[in-house]
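Listed below, chain by chain, are the residues.
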Amino acid sequence: MKSALITGITGQDGSYLAELLLEKGYEVYGLMRRKSKLDYGNVDHLKDQLHLIYGDMTDMASLTTALDKAQADEVYNLAAQSFVATSWEQAVATANINALGVVNILEAIRIVKPEARFYQASTSEMFGLVQETPQTENTPFYPRSPYGVAKLYGHWITKNYRESYDMFACSGILFNHESERRGKEFVTRKITHAAARIKHGLQDVLELGNLDAKRDWGHSADYVRAMWLMLQQDQPDDYVVATGEAHTVREFVEAAFGCAGIAIRWQGEGMDTVGVDQAAGRVLVRVNPRFYRPADVEILLGNSAKAERVLGWRRAIAFPELARRMAEHDLALAGQGSEMERQK
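Let me begin by describing the structure that accompanies this report.

Parameters and conventions
Residues numbered from 1 in each chain as written. Predicted model: local features only at pLDDT ≥ 70, side-chain atom pairs only at ≥ 80, totals over all residues. Heavy atoms only, no water. Pairing = 2+ DSSP bridges. Helix = DSSP H or I, 4+ residues; strand = E, 2+ residues; numbered from the N terminus. Axes fitted to C-alpha atoms, helices over the stretch in contact; angles between N-to-C directions. Contact = heavy atoms within 4.5 Å. Salt bridge = Lys/Arg side-chain N within 4 Å of Asp/Glu carboxyl O. Buried < 20%, exposed > 50% of the residue type's maximum accessible area, 1.4 Å probe, protein only.

## Comments concerning the sheet that holds strand S5 (residues 117-123)
Here comes step 1: Overall, parallel pairing links the 7 strands, which are arranged S3-S2-S1-S4-S5-S6-S11 in an open sheet. Edge positions in the sheet fall to strand S3 (51-54) and strand S11 (239-241), since each of these pairs with one other strand and no more. Pairwise comparison of adjacent strand axes, ignoring direction, gives a mean angle of 20° for this sheet.
Here comes step 2: Pairing of strand S1 (residues 3-7) with strand S2 (residues 27-32) involves 5 bridges; the strand directions are parallel. Paired with isoleucine 6 across the bridge in S2 is glycine 30.
Here comes step 3: Contacting S1, S2 and strand S4 (74-77), helix H1 (residues 12-23) crosses the sheet at an angle of about 175° to S1.
Here comes step 4: Taken strand by strand, helix H5 (residues 146-165) contacts S5 and strand S6 (169-174), and its axis lies near 150° from that of S5.

## Here we look at the pattern of salt bridges
Here comes step 1: Within this structure, the stated rule accounts for 17 salt bridges.
Here comes step 2: Note that lysine 2 and glutamate 74 form a salt bridge whose closest N and O atoms lie 3.4 Å from each other. With a gap of 72 residues between them, lysine 2 in the segment before S1 and glutamate 74 in strand S4 connect regions that are remote in the sequence.
Here comes step 3: One salt bridge in this structure joins aspartate 238 and lysine 159, with 3.1 Å as the shortest N-O distance. Placement of the pair is aspartate 238 in the loop between helix H7 (220-230) and S11 and lysine 159 in helix H5, with a sequence separation of 79 residues.
Here comes step 4: By relative accessible area, aspartate 238 is classed as buried at 5%.
Here comes step 5: Classification of lysine 159 as buried rests on a relative accessible area of 18%.
Here comes step 6: By sharing partners, the salt bridges in this structure join Glu321, Arg324, Arg325 and Glu328 into a single network.

## So, the pairing of strand S14 (residues 274-277)
Here comes step 1: Alternating residues of S14 divide into Val274 and Val276 and Gly275 and Asp277, and every residue in both groups is buried.
Here comes step 2: One ladder, built from 4 bridges, connects strand S13 (residues 264-267) with S14; its direction is antiparallel. Residue pairing across strands places glutamine 267 opposite valine 274, the latter belonging to S14.
Here comes step 3: The hairpin turn running from S13 into S14, its antiparallel successor, is 6 residues long, and glycine 268 in that turn takes a positive phi close to 85°.
Here comes step 4: Note: S14 against strand S15 (residues 283-287), 3 bridges, orientation antiparallel. Of the residues in S15, the one forming a bridge with valine 276 is valine 283.
Here comes step 5: Taking the residues between adjacent antiparallel strands as the criterion, S14 and S15 are bridged by 5 residues, where glycine 281 takes a positive phi near 80°.

## Let's talk about unusual backbone geometry
Here comes step 1: Omega for the bond connecting threonine 133 with proline 134 falls within 30 degrees of zero, at 0°, which places this linkage in the cis form.
Here comes step 2: Turning to its location among the elements, proline 134 is positioned in the loop between S5 and H5.
Here comes step 3: Phi is positive for glutamine 71, close to 45°, though the residue is something other than glycine.
Here comes step 4: With respect to the helices and strands, the residue glutamine 71 is situated in the loop between helix H2 (60-70) and S4.
Here comes step 5: Given the relative accessible area of 34%, glutamine 71 is considered partly exposed.
Here comes step 6: The backbone of aspartate 166 sits at a positive phi, close to 55°, despite the residue not being glycine.

In structure tokens, the structure reads:
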């Protein structure tokens, strides 16, 4: 039986990856940070099937202990300060976790079990101010946030350990991937959550930043399959994982509200743009300048031809289905909330 260690197991990707590996018969270990209140996050439904170990990406000793306990054949590093907006407010913490945390776990693997296969969660945010569209494995990087800069260090140190120590170390340059398990601070989930609450009378308006920013959005369940496939190859390499389609924040708003039975009509331009309920005529969406990034990324669009050719990976969940799944999930949650309000 193969064993795997997943850092960041309680997050969106960690939970989908844990499900995938359990289905494949792995013994799955997960690294968790100790908190004042016990919280299993997105793996609460799996906790009895997992071996959970307390540790921290900034504490190499705890990572070494985790590797020693797990004796993992495969290590998936998904732990991160993952919210781009927060990286300007917590630049040093982001660097410590997203950059130095990677070298900490690579060193732990090198000391404890150098033959283990390693996956590093790189990101399309490393492309930032894009130098070409679509972006491939050979596109020059130009990160535009402390998050992107820290992730770029993690990407390059993974490549460096692969070449220096002959370790089986891969990086997946994953473009935006969302799901029903996405945190509510991320724009896609913020939109579906708000659309559902507005539909059920629990919220009046949704405030967003740049409506015209374009992203290549896929579903996390598809993308964790690519992670696993990377570690099953004969040789380690880096791969872009993307859908090859770019959609604006504005389009995601229209899709999410459409699932709630609300047609959005746009009025105004730039900062004065508002989204109006076509039937009722009231403003449901507003632009708020405070949600703009200090240095924005206008478009991210990936070319995953290499992953498709070498790994045999294909995305199964298209953009409309992604938006529908997220919207229906949040509509169900908001429906429960509105029922509780009525019973008070």
